[in-house]
Amino acid sequence: VVLFGRGGDTSRAPNTCKLLSDILPPHTLELFRDGGGEIIFSRLNCESKILPHVAPTNHRLTCHLGIFVPPESSGRCEIRVGEEWRRWEAGKAIVFDDSFEHEVVNSSSQARIILLIRFWHPDFSSPHSMST
């Protein structure tokens, strides 16, 4: 569910969107509207995976905030970035450069839900400052 970004629908999670609007600087929300990032709820069903992939550039970073993470006892639920595997934890964030190869595995018996935030890399002032 895309909350902010292209195709975003804040009516899908109004309380979450209100909180994000209150805490994020206005220019950040403008960047999302202009394609410089996005905030989505991401659900990965049990017994599924996202194959290895990379972003086309390193112009953005990605943050995964654990919302519901299956317990280890229900099976493997992890992300790999580069050579490193990590488990999500509810209420904790993982930030990574998605231009590195990454993949996700959920072999648990439950769905995993995260708040995924893709934001412009802080070394760049805005997506409009980049030449194509």
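Quick summary incoming for the structure in this document. Keep in mind the model is a prediction, meaning the values are calculated, not measured.

### Comments concerning the sheet that holds strand β4 (residues 60–68)
And step 1. The strand order across the open sheet formed by five strands is β1-β2-β9-β4-β7, and the pairing between neighbours is antiparallel. Only two strands of the sheet have a single partner each, and these edge strands are β1 (2–4) and β7 (93–96). Within the sheet, the average angular offset between the axes of one strand and its neighbour, ignoring direction, is 20°.
And step 2. As judged from the eight bridges shared by β4 and strand β9 (residues 112–120), these two strands associate in the antiparallel manner. Bridge pairing links T62 to R118 in β9.
And step 3. Where helix α1 (residues 14–23) meets the sheet, its contacts fall on β1 and β2 (38–44), and the angle it forms with β1 comes to roughly 30°.
And step 4. Against the sheet, helix α2 (residues 26–33) engages β1, β2 and β9, with an angle of about 100° to β9.

Basis of the calculations
Residues numbered from 1 in each chain as written. Predicted model: local features only at pLDDT ≥ 70, side-chain atom pairs only at ≥ 80, totals over all residues. Heavy atoms only, no water. Pairing = 2+ DSSP bridges. Helix = DSSP H or I, 4+ residues; strand = E, 2+ residues; numbered from the N terminus. Axes fitted to C-alpha atoms, helices over the stretch in contact; angles between N-to-C directions. Contact = heavy atoms within 4.5 Å.

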